[in-house]
Structure formats: C-alpha cells, structure tokens
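Results of the structural survey
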Amino acid sequence: MSKVKVWDSILFKRVIKVSRPHRSLLIRGIVLTILLAILSPIRPYIIGKLVGDYVRVGDEKALLFGTILVVSILVVESVFLIVVSYTSSDLGQRVVKDLRNQLFQHITKLKLKYFDQNPIGMLVTRSVSDMETIADIFSQGILVIIGDLLKLVGVLTFMFYINWKLTLLVLIPIPLLLISTNIFKRAIKSSFQEVRKQVSHLNSFVQEHITGMNVVQIFSRENVEAKKFNKINQKHKKAHIKGIMAYSIFFPVVETLSALSIAILVVYSIWSISYGNVDYGTVTTEMMSFILYVHMLFRPIRMLADRFNTLQMGMVSSSRVFELLDNEEVIVQKSKDELKSFKGHITFKDVHFSYDGRVKVFEDLNLELKEGETVAVVGPTGAGKTSLINLLSRYYEFQDGKIMLDDKDIRTISLTSLRSKVAVVLQDVFLYNTSIYENVTLGDDDFSIEEVIEAAKEVGVHDFIAQLEGGYQFQVKERGGVLSSGQRQLISFLRAYIRKPHLLILDEATSSVDSSAEELIQKATKVITKNRTSLIIAHRLSTIKNADRILVLDKGKIVEEGTHKSLLKEKGQYYELYQHQFLREENIMIKESI
C-alpha cells in the first residue's frame, strides 16, 4: 500500500463524502461547536470582572447577578458539550456502519483469487479495527479540532482585548510548546502506525492458527507456535510502550510550560502593582481572567497534537479501507441476463485458463455435458478437476474460449441467476455455528421447516437428523465440529437438493467418509442426481461405476473418455489409475464385508 501523505485532501474529501447521508448531524455538530467556542472565552472574562470590580468593593447584587450569569453560561456550555460529544460519536458510528456494510458487500464479490493471496486476518482488521479508527475521525477528530481551534481564536481575542502586552508575555512559552507538540505528533504517529501493523499481524496469526488448531495439536506444535505468537505479541507491546512513553514525556512538558506562563503572569502582576502604577482592581481582574485563559489556551494546544494524530491515523485506516473497496478483482458481468430455462446442456469450447497468468491449467479444452447426464472426472492431482468447478460457478474467470449453458455464454448470465441453477457439494464441507435447519436453508425464509423435512426424507437423511438432540434445531457448533465428516456431507447434500439445481457438482464428496456413511451418501447421490445434469469429481470406486460417462484428465487435457467397463478394456491411464487406487479400495471393501 502506498504511504499516506501527512495531509491528503482527496482522501479527506472522500471520507467526508461518506458522511453525506448524515450531513444534518455534521452540520448540527459544527454549529454547536462554533457556539461553544464563542461562549467559552466569555466565562473567564466575567469571572475576572466579578473578582476585580465587585468582590473587592462588596457589591452583593452585582456579584449575585454575575454569579448567576457565570453558572448559566457554564450550564449551557455543559449541555452543548454533551450534545456535541453525542452528535460526533453518533455520526462516527453511522458512517462506520454504512462503510462497513459497503466493505463487507464488496468483499463477498471479490474473486476467490484475492482470498488465495491475502490473509483473512488482514480482512478482519480492515472490517473491524480500521473501521473503529475511521469512526474516531468524526467522534474525536474533525469536530473536536474545529472546536479547539475556534476556542484558541476566541481566547486569544479576549486576551489581546484585555491586555495585549500581558498576552505577549504569557505567550512566550508557546514556541517551546509548538516544538514539543510537533515532536510528540511524529512520535505518536510512528507508534500508532506500528500498532496498526502489529494488530493486523496478530489477527492474521490468531485466525490462521485457531482455524488450523488440529494441525497444531496433531504435530505437537503448541510450544513452537506459542513462541511465534509471543514474538508478534512482544512487537505489539513495544509499539504501544513507544506511544505511552511519548505521552508520559509530552504531558509533563506541557504542564511545566503552562506553569511557566502562570509564573510570568504573577511576576508581571506584582511588578505592575509595585512599579507600574496600575490599579489593584485592574491587576486583579486581568490576573484572574488570564489564569483561566492560560489553562484554556494550553489544554487545546496540548490536545491538538493528539487530535491531529487521531485524524491522521483515521486517514491511514481510511486509505486501507478505500484501497480494499477500490480493488477491482471482482467478476465482471458484461450483462445481467437471467438463466430462466436452463435444461442442463453444457459445452466448453476451446477454453484457456490459468490461475496466475503463467502456468496454464487448460489449453483448448473442449467438453460437453448432455442434459440429464452424470459425468465423472478422474485424474491425478493437479490435472484440473477442481478447476472445472471453479469455471462453471465463475469463481475464477477463464482467459479465452467459451463456456455455454444451453445456448448462452456463461459470461452474459448474472451471477445470481447462474449460481441459483448450480449447486456444489464440496469435499470439505463448511457449516456455520447454528442449527442444521439454518445451515440447510442458509437463512432463506423461502424454505419452511416442513419443506426441509420432506426433502430430507427424499434424500434419506431424515432419520440421522431426527436422532440428534433437537432434530433440525440441533446446534452443529463452529464448522460443524460436533458432527462426523459423513454427517456434515449429508447435510451439504440436503443443502444442495432443497434448491432443486439444474446442474449438480460433487467435488470428491465421498473421499473422506467411512463405509457406513458412504452408503447413505451413495443413496443420496442417486436421488439428487436423478433427472439433472451432474458433474462428479470422482475419487471413490462406487461413484465412478454409476456414472454415465467417465473423463480422464491429465495436465488439463481429456486423455480418455468412456464408461467404466470400456475404459478398463482400453488399459490406458484409467486402467492404471484403477489398478493403483481403486482396486486397492475394492479389496479393502471386500475385507471389511468379510
């Protein structure tokens, strides 16, 4: 990612543009901030007058009126502060909600290639942590900075009006404060950038290792991975400590400079009374007002460094989020034609495909699946079997040639329409941490529980589900961890069947299940493949024998084609594959039956 400039006006305008739907909140906040900046400097001026003019002479009526006025201003200030604080936070959260929705929708449209190349933890950081930092632009950045700057202008205006000479003396430590603030700003910016970087690393590491915890434990890598995590965590701690050190030095420096201004004020006041022939009441008024003004002056300057860093870091996070939003690795839809009457006839014509643009998976691939036909595809690892699924579902884009569904080019069909006609049952089944019913319907209210039960009975999985505690409301936990691989596979079959797809794709759906589960899956396969075009990435012998046609893929080319019996007679690659793999499986099945 390109480095964000100290101030990027284009990026800032884009951030503000995101807040347009909530401009009324922004305008309200700005108006109240301006009013607050006008009111705040009035209070010290009145207090100085009260002490210098009325307390000294004992004018009780004037003192009472002045006190009521000061308290009234203080109450109004407090109300304005509450409203501004709530408005700015509300604005920030509304903007982030909209932006987070937009980002998530964009992520769901990215090509799978993007997820192959980028860690999931990074995307989590963009969607969660970076978003909260963007919220700070509005809740702790823009409005607060505007308010502090206006307050500074108001305070200085009153100070110069009261006594311009004294004002210049009081401002002597300001250059030192500005230099300190600039050093602090750079230090805290560097610290924050490092913190964001380490947070992203932490998220990526934790997400990856929790997902792959079975691998960590199987290979006894607990201690090794814990040491790796400790190193990343140590870097995260150091980045935070660097920021804490900057704060712990900067704030005492500011307090010291503030005390220096007060000391100059006191010395000047004593000198004015002793040698300047200035009225005691005037000195008292000025001294009282200026003490309050000095605190009002130094506090915003002290906080501005922090506010500007908050704004800058929000801009850094914004650039990361917008960079992801601007990512064009999405599947381009030339048109949005609906696939209304798909019969199930599929044709690959001279298809060229590569994942990385260098190594070719398919070159001049020609393949035809007839309506209602069940075709099994076998071949060695890397032959291109799974790539057929990726192209048919448009998870990846092919570079040349055509894929026709009946008489329509697949690239002219809307993704929603295409994928509503295609159902894929993968070898590695993903289940959400919810009920079986929710996992089957995927939250689609069009499917009632009665329809799901009826479909389960047709597929032959109802008995297995009914035996679970709660039946279809049984909670499968994260990734379906409380179910066996065979049970998860059966649920995925039901998920596909209930949608009545025109094209069914099974990706080695029985490769990792035991014999008893495979028997149920084979029965389910016969039901869901009946009267529909089916493409089966074959691994088990039983699946291949039932196919109408078997294709042997090798290095992206169809080298053999036929039925199970005809291919065995040819004694080619399929025969060798059968001898090395499938015959061994058959012997195991025979031994198990004995």
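Check the entry above for the structure.
About the cut-offs
- Residues numbered from 1 in each chain as written.
- Predicted model: local features only at pLDDT ≥ 70, side-chain atom pairs only at ≥ 80, totals over all residues.
- Heavy atoms only, no water.
- Salt bridge = Lys/Arg side-chain N within 4 Å of Asp/Glu carboxyl O.
- Helix = DSSP H or I, 4+ residues; strand = E, 2+ residues; numbered from the N terminus.
- Phe/Tyr/Trp six-rings, centres within 6.5 Å; stacked < 30°, edge-to-face > 60°.
- Lys NZ or Arg CZ within 6 Å of the ring centre and 35° of its normal.
- Pairing = 2+ DSSP bridges.
- Contact = heavy atoms within 4.5 Å.
- Axes fitted to C-alpha atoms, helices over the stretch in contact; angles between N-to-C directions.
- Buried < 20%, exposed > 50% of the residue type's maximum accessible area, 1.4 Å probe, protein only.
- Core = buried A, V, L, I, M, F, W, Y, C linked by side-chain atoms within 4.5 Å.

All told, the structure shown has 14 salt bridges when counted by the stated rule. Lys-228 is the salt-bridge partner of Glu-225, the closest N and O atoms lying 3.6 Å from each other. Of this pair, Glu-225 and Lys-228 both sit in helix α11 (residues 222–275), 3 residues apart, which is roughly one turn of that helix. Within the structure, one salt-bridge network assembled from shared partners comprises Arg-126, Asp-130 and Arg-320.

Now for the packing of aromatic side chains. Tallying each qualifying case throughout the model produces 12 aromatic pairs. Pairwise contacts between aromatic rings join Tyr-45, Phe-158, Tyr-161, Phe-290 and Tyr-293 into one cluster. The ring of Phe-322 is capped by Arg-14, whose NZ or CZ atom sits 4.2 Å from the centre of that ring. Here Lys-500 stacks its cationic end above the ring of Tyr-497, 4.0 Å away from the centre of that ring.

What follows deals with the sheet that holds strand β1 (residues 346–354). Spatial strand order, β2-β1-β4-β5: 4 strands in an open sheet with antiparallel pairing. Taken across any chain shown, the strands that pair with only one partner, and hence form the sheet edges, are β2 (360–369) and β5 (408–409). The sheet contact formed by strand β4 (residues 400–405) and β5 spans 2 bridges and is antiparallel. Bridged to Leu-405 within β5 is Lys-408. Where helix α13 (residues 385–392) meets the sheet, it contacts β1, β2 and β4, and its direction lies at approximately 110° from that of β1.

Below, the discussion takes up the environment of Thr-125. Along the chain, Thr-125 turns up in helix α6 (residues 120–127). What makes Thr-125 buried here is its relative accessible area of 1%. In sequence terms Thr-125 and Leu-202 are 77 residues apart; their C-alpha atoms lie 9.5 Å from each other. When residues no more than four places from it in sequence are discounted, the contact partners of Thr-125 are Asp-130, Arg-196, Val-199, Ser-200 and Asn-203.

Membership of the largest hydrophobic core comes to 56 residues, with the highest contact counts inside it found for Leu-99, Leu-297 and Phe-298. Among the elements that take part in this core, helix α12 (residues 280–325) stands out by supplying 15 residues, more than any other. In this structure, Ile-436, Ala-456, Ile-465 and Ile-498 belong to the second largest nonpolar core, which totals 33 residues.

Here we come to α6. Counting buried positions over the 8 residues of α6 gives 6, a clear majority of the element. Every buried residue belonging to α6 is among Gly-121, Met-122, Leu-123, Thr-125, Arg-126 and Ser-127, and all of these are buried.

Looking now at the pairing of strand β8 (residues 533–537). Judged by how many residues are buried, β8 sits mostly within the fold: 5 of 5 residues are covered. Along β8, one buried face is formed by Thr-533, Leu-535 and Ile-537 and the opposite face, lined by Ser-534 and Ile-536, is buried too. In terms of strand pairing, strand β3 (residues 374–378) meets β8 through 4 bridges, oriented parallel. Pairing of Val-375 across the sheet is with Leu-535, part of β8. Inspection of the sheet shows strand β7 (residues 503–507) paired to β8 by 5 bridges, in the parallel sense. Paired with Leu-504 across the bridge in β8 is Ser-534.

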